[in-house]
Amino acid sequence: MEHGHFTTIDPDECRTLLRQAGVGRLAWAVEGRVHLLPVTCTSDGETIWYRTSPGSPLAGAVGEVVFEIDDLDDETRTGWSVVARGVMADSGRTSTPAPEPWAPGERELGRAIRITEVSGRSVAPGTERDVDVYA
C-alpha cells in the first residue's frame, strides 16, 4: 500500500479555511474531562462565533479551548485539517454574527473564541517525498 504525505498549511491559509467553515468541533476540558461537540459557526479568521443555550454543555466551555475543521475525501485519500486554539468569551445575545444552529430549540447565547494560534496540515496521495508533519 502506498502511503500519503502530510504538508503543513500556512497560518494565513488556515485562517482563510476558518472563514469558509460552517461547522466545526469544539473541545474543552472541565475538571479533567475533555468534551468535544460539533457546532455551527462563522469566523473572520481571528474570532470564531457560535450560538448555544444557557446551561447547555457548549455554554460551559470556558478558558482555553481548541476548535477543529476539516475536509476529507475517502475516495481520493486527500484532505486537510485546521486547528485553532483560543480563549472562550461571551459575545452577547444579539451581537453574535454566528449562523442559525442546526440543533433545534432556542440558541440565544452567543459565544466567541478569540483565536491565539492556528495550525493545519493536508494529506495527499503518496509520493517520493512522504513526510510525517504534525503541525
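Scroll up to find the structure this text is about.
Residues numbered from 1 in each chain as written. Predicted model: local features only at pLDDT ≥ 70, side-chain atom pairs only at ≥ 80, totals over all residues. Heavy atoms only, no water.

Caption draft 1: Focus on the overall build of the protein. When helices and strands are tallied, the protein shows one helix and eight strands. The N-to-C order of helical and strand elements in the protein reads β-α-β-β-β-β-β-β-β. A buried classification covers 37% of the 135 residues belonging to the protein. Once local pairs closer than 6 in sequence are excluded, the contacts in the protein between residues at least 24 apart make up 68%. Surface accessibility of the protein: about 8,000 Å² in total, with carbon and sulfur atoms responsible for 52%. (Helix = DSSP H or I, 4+ residues; strand = E, 2+ residues; numbered from the N terminus. Buried < 20%, exposed > 50% of the residue type's maximum accessible area, 1.4 Å probe, protein only. Contact = heavy atoms within 4.5 Å. Areas by Shrake-Rupley, 256 points an atom, 1.4 Å probe, with all protein chains shown as cover.)

Caption draft 2: Region of interest: the side chain of E68. When you line up the elements, E68 lands in strand β6 (residues 64-73). Reaching out from E68, the side chain makes a polar contact with the side chain of R25 at a distance of 2.8 Å. Within polar-contact distance, the side chain of E68 engages the side chain of S81 at 2.9 Å. Those residues in contact with E68 that lie beyond four places of it in its chain are G24, R25, S81, V82 and V83. (Polar contact = N/O pair within 3.5 Å; in protein donor to acceptor, adjacent residues only side chain to side chain.)

Caption draft 3: Spatial organisation of unusual backbone geometry. The backbone of E31 shows a phi angle near 50 degrees, a positive value even though the residue is not glycine. One can find E31 in the loop between β2 (23-30) and β3 (33-40). The backbone of R77 shows a phi angle near 60 degrees, a positive value even though the residue is not glycine. Take R77: it is sitting in the loop between β6 and β7 (78-92).

Caption draft 4: Representation of helix α1 (residues 11-20) in the model. Three or more residues of α1 are buried, namely C14, R15, L17 and L18. Down the axis of α1, the buried set is contained in an arc of 160 degrees. They therefore lie on one face. In this structure, α1 carries D12 and Q20 as exposed residues pointing more than 90 degrees from its buried face. (Arc of directions from axis to C-beta.)

Caption draft 5: The layout of surface pockets, seen in detail. Estimates place the volume of the largest pocket at around 240 Å³. Taken together, 15 residues line the largest pocket, and the ones lying closest to its centre are P38, V39, L58, A103 and R107. Contributions of two or more residues to the lining of the largest pocket are made by β3 and β5 (47-52). Element by element, the count of residues in the lining of the largest pocket is highest for β3, at four residues. Residues belonging to the lining of the largest pocket are distributed by class as follows: nine nonpolar, four polar and two charged. (1 Å grid on protein atoms, 1.4 Å probe; cavity = no way out; pocket = protein on both sides within 12 Å on 5 of 7 lines; lining within 4 Å. Points joined across faces, edges and corners; volume = space filled by probe spheres on them. Nonpolar A, V, L, I, M, F, W, Y, C, P; charged D, E, K, R; others polar.)

Caption draft 6: The environment of I69, seen in detail. Among the structural elements, I69 can be located in strand β6. Placed 31 residues apart in sequence, I69 and P38 show a C-alpha to C-alpha distance of 9.7 Å. For I69, the contacting residues outside a window of four places in its chain are L17, L18, A21, V23, G24, R25, W80, S81 and V82.

Caption draft 7: A look at the nonpolar core. Grouped together as the largest cluster of nonpolar side chains are 22 residues, with contacts concentrated most on L18, L26, I48 and F67. Of all the elements in the fold, those that place two or more residues in this core are α1, β2, β5, β6, β7 and β8 (109-124). Those residues in contact with L18 that sit more than four places away from it in its chain are S43, I48, F67, I69, V82, A84, I115 and V118. (Core = buried A, V, L, I, M, F, W, Y, C linked by side-chain atoms within 4.5 Å.)

Any link to function would need more than the numbers given here.
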